[in-house]
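Structural description and commentary
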Amino acid sequence: MKSKLSLLAVLLLVFPLLAGCWSRYEIENLAIVGGMGIDRIQEDGKERYLLTVNVIRPGLSGGGTEGGGRGKPIYWRITATGDTLVDAEKNINLRSPRRVFYGHMRFVAISEKIAREKLPDVIDYLSRNSEVRLRILILLTRERATDALINYSELENTIAREVTEMASITGGIVSKFKIWDLAQTIDQLITPGLDPVIAELMTPLSVPVEPGGGPIRILRFGGGGVVKKDKLVGWLTDGETRGYLLGAGEAQEAALPVRLKNQPEPDTNINLTRSSRQLTVDVEGNKVTAKMLIHAEGDLGEYNGKEEVATNEGVFKLETKFREEVEKEVRQSFKKAQELNADIFGLGNRLHERNPKAWKKMEKDWYKILPNVKLEIKVTAHIRRTRAISEAFIPK
Amino acid sequence: MNMLEKGKISGSQFMWMMVTTVLPTAVLFIPAITIKNAGTSAWIESLIVSTGWGLVVVTICCTLGERFQGRSLLNYSGEILGKPLGKLLGLFYIFIITYTNAIIVREFGEFLLSAFMPETPILVFNVILLLLAATSVRNGIEVIARMNQFVVSLMFFALIFIFSLIFGEANFHHLLPLFEGGIKPIIHGALTPMGWRGEVFLLLFMLPFLSNHREARPAAYKAVLLLGLVLGTDVLMVLAVFGKEAANFVFPVHSLATYISVAGFLERVEAFILALWVAGVTIKVAVWYYCATLVTAQTFNLKDYKPVVLPLGIIQAVWSITIYDNIREMVDFFEKPWITFSLFFEFVVPTTLLLIAVIRKKGGRGSEK
């Protein structure tokens, strides 16, 4: 009898546990955020944060057939202001009937003003929030970041997805931008002797979609913002970013237009298909020399010259051009980096890794030494094949 | 001599129990503390220095245990130190083990609150954990050992799963420069983890339950080496993926699991960390809890240890809540007082006992009955 009673007591004790978790969030009570934009604006005569989030409208994200069924955009853009970022985050709930949930957020767009003044605050806010994943992509915008959270997506179901795909798929095809996630960004920010280039998300106005309609905002990637220590110090153009990626060993595929003949217009295009880089930093007395060994492989993407190209000599000539072009691009970016006095190629970091003693002496004055660092580039470039055809059908 | 525990465990069960006594909490808390202090050399510390320390502790404890074969620390402490001092040592160890176990219970709740369920009161987790542990303690060492065999496989599966999936993200440049700053940061970073590895001193209380005494020493060494390998890999992977950034995470391995993304669809696998944590810590707490009740029963010459299980559980539950105000106080405790604290009861006390036993010629082959 006694054992039966105790068994009953145990069963009764189990019941409260069956009701589920204490801190549960039911999915129908969540407003799932896809992307976030952080701006700083003037409000009531003082500077405040403007936080914008794109919440996915449930029921509309199912797919093309029902998408926009009720004529509403798939995203709901909510904005809120606050004195701190968390204040602004809480204020978003002033407008949302559901708990705003950041666990599925894919990217954060940070405006230029924030990147110049308040970057550490943003990094702290994002990394401290345990809902936010370390995988979220960090982007910079030159305009307002809130404009990047447009209400529709072009090809994928959601903008968040579009941005993620651009980072993982198309980024490597053009090599004109490189998107880092939160963990990588923090790592580069706190590594001495390495200044990250954070991808720029542009929000230009397109031509009107419908005749008579107004222009709409579109998303486009390209270039990046150079962040030195904790401040944005300048921007790289598309081309400069490609040079940076080549010099940093991050470039994958790219189109390199070159001139074979003496004329202003490029007449040939070499496709970069893969590249790698070895970097050594030598110190002799006070002189620092960076030695880059870049290995590039590519094929012929476009050719309209007169001379034969599908021969051993022709390919050799192309390879020379290829080599020169790669070196030129890297040098341009290096010059730009020296102008900004930022170590985007991570020379200091490499010195630290390989020669900690020398680095210890130079660490304090590294940014005084950096503009005088000499760069030696050695490129080994190979054109392996000429794609589907050999000579041009109609040589000019 | 009345035996409080009739159960016997095998050599391999003993070894896995030693592993679980250290591993679950060490995996989560050690990397941040070590990387903060030792920088890029943290993994060398974890792989070699702490493991060496674990071997030292095991050697001393095993030598002491072998001198008094088949008896538990409290059975022979009176013989070594004299009766009053022996009892005092018992009281000391009741305090130490209960206190440390309260810390472990607190760690358990802190992690669940920080990482998964921030709104639940910590008391809920701590009490449920202690209830579970109390049940296993009442059932004796055999049950704990067998349960542990299952849990260990779960823990190792979770760890191997996480480490292999994150391997693609590892950037071994983060380990450079090797030996930055020389040996000093390594030693500095070693102090806290050494206390953790020294937790194997609990074998002093468990040696008598081994079915074959000859298996004790090799099993304990194997456990320490295995721990060194796992915790070394742990720190190495965290460092290779995150670099120095890892020092600022509260639970770097949890961050590691959240960072896993294989082909864009195998993501959010941090539930594996939960499996490791909940199952592993339950056993860890059960082992400490068991030792605490055993020492209590032996000190007060009780015929059965079961009556003290519940009172000790209540003490631990309350202690685990009131012991720290916040998580930083806890981590601070690990970085400072814990070092001397653990060094004292894991190393200084057993060594002193051994020395006195040797000088007074107590124990050893001659005194075997």
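For the structure given in this document, a descriptive report is provided here.

Calculation rules
- Residues numbered from 1 in each chain as written.
- Chains lettered and ligands numbered in written order.
- Predicted model: local features only at pLDDT ≥ 70, side-chain atom pairs only at ≥ 80, totals over all residues.
- Heavy atoms only, no water.
- Buried < 20%, exposed > 50% of the residue type's maximum accessible area, 1.4 Å probe, protein only.
- Helix = DSSP H or I, 4+ residues; strand = E, 2+ residues; numbered from the N terminus.
- Polar contact = N/O pair within 3.5 Å; in protein donor to acceptor, adjacent residues only side chain to side chain.
- Contact = heavy atoms within 4.5 Å.
- Salt bridge = Lys/Arg side-chain N within 4 Å of Asp/Glu carboxyl O.
- Nonpolar A, V, L, I, M, F, W, Y, C, P; charged D, E, K, R; others polar.
- Expected span 1.5 Å × (residues − 1).
- Phe/Tyr/Trp six-rings, centres within 6.5 Å; stacked < 30°, edge-to-face > 60°.
- Lys NZ or Arg CZ within 6 Å of the ring centre and 35° of its normal.
- Pairing = 2+ DSSP bridges.
- Core = buried A, V, L, I, M, F, W, Y, C linked by side-chain atoms within 4.5 Å.
- Axes fitted to C-alpha atoms, helices over the stretch in contact; angles between N-to-C directions.

Let us look at helix α13 (residues 327-335) of chain B. Every buried residue of α13 of chain B is listed here: Ile327, Met330, Val331, Phe333, Phe334 and Glu335 of chain B. Capping the start of α13 of chain B is the job of one residue whose side-chain oxygen sits 3.1 Å from the backbone nitrogen of arginine 328 of chain B: asparagine 326 of chain B.

Contact residues are listed per partner, giving 23 residues for chain A and 26 residues for chain B. The partner of glutamate 119 of chain B in a salt bridge is arginine 99 of chain A, and the shortest N-O contact between them spans 3.9 Å. Here chain A is connected to chain B by 10 residue pairs in polar contact (both at pLDDT 80 or more). Sorting elements by how many residues they give to the side of chain A that touches chain B places helix α6 (residues 182-190) of chain A first, with five residues. When grouped by side-chain class, the residues that make up the side of chain A that touches chain B number nine nonpolar, six polar and eight charged.

Turning next to helix α11 (residues 271-299) of chain B. Residue and element names in this part refer to chain B. With 29 residues, α11 should reach 42 Å at 1.5 Å per residue; the first-to-last C-alpha distance of 41 Å fits that figure. Judged by how many residues are buried, α11 sits mostly within the fold: 24 of 29 residues are covered. Looking at the residues trailing α11, positive phi occurs at asparagine 301, about 55°.

Another point: the packing of aromatic side chains. Applying the stated rule across the entire model yields 45 aromatic pairs over all chains. For lysine 178 of chain A, the ring lying beneath its charged end belongs to tryptophan 180 of chain A, and the centroid distance is 5.2 Å.

Residues and elements named next belong to chain A. With eight of its nine residues buried, strand β9 (residues 220-228) lies for the most part within the structure. Pairing of strand β8 (residues 197-202) with β9 involves five bridges; the strand directions are antiparallel. Note that in β9 the partner of alanine 199 across the bridge is glycine 224. Relative to strand β10 (residues 231-236), β9 runs antiparallel, the two being bridged by five bridges. When the bridges of β10 are listed, glycine 224 appears paired with leucine 236. Adjacent in sequence and paired antiparallel, β9 and β10 are bridged by two residues, among which lysine 229 carries a positive phi angle near 55°.

This next bit is on the nonpolar core. Residues Leu126 of chain A together with Tyr93 and Phe205 of chain B are the most contacted members of the largest nonpolar core, which totals 179 residues. With residues up to four places along the chain from it excluded, the contact list for leucine 126 of chain A reads Met36, Met105, Val108, Val132, Ile136, Ile138 and Leu182 of chain A. Core analysis: the next-biggest nonpolar cluster, separate from the first, contains 49 residues, Val288, Ile294, Val315 and Ala337 of chain A among them.

Now for the environment of glycine 214 of chain A. Secondary-structure assignment places glycine 214 of chain A in the loop between β8 and β9. Separated by 122 residues in sequence, glycine 214 of chain A and isoleucine 92 of chain A place their C-alpha atoms 29 Å apart.

We now examine the sheet that holds strand β11 (residues 254-258) of chain A. All names here are of chain A. On the basis of which strands lie adjacent, the open sheet formed by four strands has the order β11-β12-β13-β14 and mixed pairing. Each having just a single partner strand, β11 and β14 (374-385) make up the two edges of the open sheet. In this sheet, adjacent strand axes meet at a mean angle of 40° when their direction is disregarded. Pairing geometry for strand β12 (residues 268-284) and strand β13 (residues 287-303), over 16 bridges, is antiparallel. Its bridge partner lying in β13, aspartate 282 is registered against threonine 289. Sheet contacts for helix α7 (residues 238-248): β11, β12 and β13; angle to β12, the most-contacted strand, approximately 60°.

Turning our attention to unusual backbone geometry. Put simply, leucine 176 of chain B and proline 177 of chain B share a cis peptide bond, and its omega is -10°. Position of proline 177 of chain B relative to the elements: it lies in the loop between α6 (141-166) and α7 (184-197). The phi angle at serine 175 of chain A is positive, at roughly 55°, despite the residue not being glycine. According to the relative accessible area criterion, serine 175 of chain A is buried, its value standing at 1%. With a phi close to 55°, phenylalanine 179 of chain B is a non-glycine residue in the positive phi region. Mapped onto the elements, phenylalanine 179 of chain B comes out in the loop between α6 and α7.

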